[in-house]
Amino acid sequence: MEERHIVSHYRLNRATRRELCTHLESDLQPAIRPPTAIPPTVQLVSMLHFLATGSFLGIVEMATGISQPMFSNLLRNVLSTLVKHMDSYTQFPSSIDLPSVKVDFYALGHIHHVIGVKDGTHIALIPPRVDEQVISKCTGTVKTFTPLIRLADQYIAQVTARFRGSVHDSYMLRNSSVPQLMVPLLRVRAYLIGEYDKCKCGYCYPSLTTQSVCDIVECKCWFTLSTGDSGYPNLSWLLTPVRNPRTRAEEQYIEVQGRTRRVVERAFGLLKARFRCLHISGYLQYSPQKVCQIVLACCMLHNVALRRNIPLLE
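Residues numbered from 1 in each chain as written. Predicted model: local features only at pLDDT ≥ 70, side-chain atom pairs only at ≥ 80, totals over all residues. Heavy atoms only, no water.

## A look at the packing of aromatic side chains
Then, number 1: The tally for this structure, following the rule as stated, stands at two aromatic pairs.
Then, number 2: Ring plane angle 90° and centroid distance 6.0 Å describe the contact between F50 and Y286, whose orientation is recorded as edge-to-face. Of this pair, F50 sits in helix α3 (residues 40–53) while Y286 is found in the loop between α11 (248–274) and α12 (288–307), placing the two residues 236 residues apart along the sequence.
Then, number 3: For F50, a relative accessible area of 2% gives the class buried.
Then, number 4: Given a relative accessible area of 18%, Y286 falls into the buried group.
Then, number 5: The ring of Y10 carries the charged tip of R17 above its face, separated from the ring centre by 5.3 Å. (Phe/Tyr/Trp six-rings, centres within 6.5 Å; stacked < 30°, edge-to-face > 60°. Helix = DSSP H or I, 4+ residues; strand = E, 2+ residues; numbered from the N terminus. Buried < 20%, exposed > 50% of the residue type's maximum accessible area, 1.4 Å probe, protein only. Lys NZ or Arg CZ within 6 Å of the ring centre and 35° of its normal.)

Laid out in structure tokens, this is it:
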């Protein structure tokens, strides 16, 4: 099979697929291999085909030759393995990467020291038929909270998938690891350069109350910052839109903040185009727990494709 057809069907090229299989082989290969065991390479290829096409298991069976019951067991095993190695492929920007990330974001929206954008997206599923009250609140979706998207290559730096579709963005933020990642960076920078007493923008030190939009856009003392939509609270490290702008400065801020934040929408679109199982045109017919694992696996494989500069081919 030609290389472009491999990428079109499995979203990874031959070399990347082989490298990934080598990395996961010890977890995919059982300690005692029965005669009917499926080789790790076949397991991974079958999983990639399922995630890339979003096909029903009957179609996957015709494409791979693996029966539906066996593929269901394979699905559970491979998903658990991929999620286990999630941290190796979705990483918060290191201190070495931060300067280049900030430069990329500044070129986009001219806001200083932005290192990522955050938002959520819905993944459609068939609600479980066990608790009618829970089903009514579930609304048939799982909301994937993706706190940080890096601009240059749409890289997903951190992702959490465990919330119902009806959950508010601010609740997801409070119950994620993002505040624990962002606040220490902000405080360390402020202590190092002594900006707690110098800056009056209200964002370098949480106890300050003066918050001018002009100061927000022009302030040079931020160490780290991310942007979100109006569903998030305005925090010391998070910029959100101004509601009901009254001045020209506020209108300009909304414009540059929105231009910076749009990168996350493009990232979600690219992710769902690469892995059609996540696309809104269909519903994942699995439990919410397994759907969350599928989302995490797709984000991980998406980053693998980006790191290897693998194009998205249809």
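## Observations concerning the state of the cysteines
In protein chemistry, a disulfide is the covalent bond that joins the sulfur atoms of two cysteines.
Then, number 1: Scanning the entire structure with this criterion turns up zero disulfides.
Then, number 2: With no disulfide of its own, C298 lies closest to C277 among cysteine sulfurs, the gap being 3.8 Å.
Then, number 3: According to the relative accessible area criterion, C298 is buried, its value standing at 0%.
Then, number 4: With no disulfide of its own, C299 has C298 as its nearest cysteine by sulfur position, at a separation of 7.0 Å.
Then, number 5: With a relative accessible area of 1%, C299 lands in the buried category. (Disulfide = S-S within 2.5 Å.)

## Details of the pattern of salt bridges
Then, number 1: If you walk through the whole model with that rule in mind, you get seven salt bridges.
Then, number 2: A salt bridge links D27 to K84; the shortest N-O distance between them is 2.8 Å. Separated by 57 residues along the polypeptide, D27 in helix α2 (residues 14–28) and K84 in helix α5 (residues 68–84) bring together distant segments of the chain.
Then, number 3: E251 serves as the salt-bridge partner of R248, at 3.5 Å between the closest nitrogen and oxygen. Of this pair, R248 and E251 both sit in helix α11, three residues apart, which is roughly one turn of that helix.
Then, number 4: Here R248 falls in the exposed class, since its relative accessible area comes to 51%.
Then, number 5: By relative accessible area, E251 is classed as partly exposed at 39%.
Then, number 6: Connected through salt bridges with shared partners, the residues D119, R261 and E265 form a single ionic network. (Salt bridge = Lys/Arg side-chain N within 4 Å of Asp/Glu carboxyl O.)

## Here we look at unusual backbone geometry
Then, number 1: With a phi angle near 70°, R11 is a residue other than glycine that sits in the positive phi range.
Then, number 2: The phi angle at N309 is positive, at roughly 55°, despite the residue not being glycine.
Then, number 3: Looking at the element boundaries, N309 is found in the segment after α12.
Then, number 4: Exposure remark for N309: the relative accessible area of 68% places this residue in the exposed category.

## As for the packing of α3 against α12
Then, number 1: Viewed as axis vectors pointing N to C, α3 and α12 meet at an angle of 100°, and their least axial separation amounts to 11 Å. Regarding the angle of α3 to α12, the classification is roughly perpendicular. Across from L48, F50 and L51 in α3, the residues of α12 making contact are I294, C298 and L301.
Then, number 2: Within the contact of α3 with α12, the residues separate by chemical class into six nonpolar, no polar and no charged. (Axes fitted to C-alpha atoms, helices over the stretch in contact; angles between N-to-C directions. Parallel < 35°, antiparallel > 145°, perpendicular 65-115°, else oblique. Contact = heavy atoms within 4.5 Å. Nonpolar A, V, L, I, M, F, W, Y, C, P; charged D, E, K, R; others polar.)

## Things to note about the nonpolar core
The tendency in soluble globular proteins is for nonpolar side chains to be buried as a group.
Then, number 1: One finds F50, L51, L278 and I294 to be the most contacted residues of the largest nonpolar core, which totals 50 residues.
Then, number 2: With twelve residues, the single largest contributor to this core is α12.
Then, number 3: Ignoring any residue separated from it by four or fewer positions in sequence, one finds I294 in contact with F50, L51, L79, C277, L278, L284 and Y286.
Then, number 4: In this structure, V178, Y253, V256 and F268 belong to the second largest nonpolar core, which totals 19 residues. (Core = buried A, V, L, I, M, F, W, Y, C linked by side-chain atoms within 4.5 Å.)

## Thoughts on α5
One turn of an α-helix holds 3.6 residues; hence residues three or four places apart share an orientation.
Then, number 1: The end-to-end C-alpha distance of α5 is 24 Å, a good match for the 24 Å that 17 residues give at a rise of 1.5 Å each.
Then, number 2: Among all positions of α5, only F71, L74, L75, V78, L79, T81 and L82 are buried. What you see down the axis of α5 is that its buried residues fit within an arc of 160°, all on one side. Opposite the buried face of α5, at more than 90 degrees from it, the exposed residues are P69 and K84. (Expected span 1.5 Å × (residues − 1). Arc of directions from axis to C-beta.)

## Some points on a nonpolar patch on the surface
Then, number 1: On the surface, F56, I59 and M62 cluster together into a nonpolar patch covering about 370 Å² of accessible area.
Then, number 2: Positionally, F56 belongs in the loop between α3 and α4 (57–64). (Patch = residues over 30% accessible without salt bridge, like charges linked within 9 Å, V, L, I, M, F, W, Y side chains within 5 Å. Areas by Shrake-Rupley, 256 points an atom, 1.4 Å probe, with all protein chains shown as cover.)

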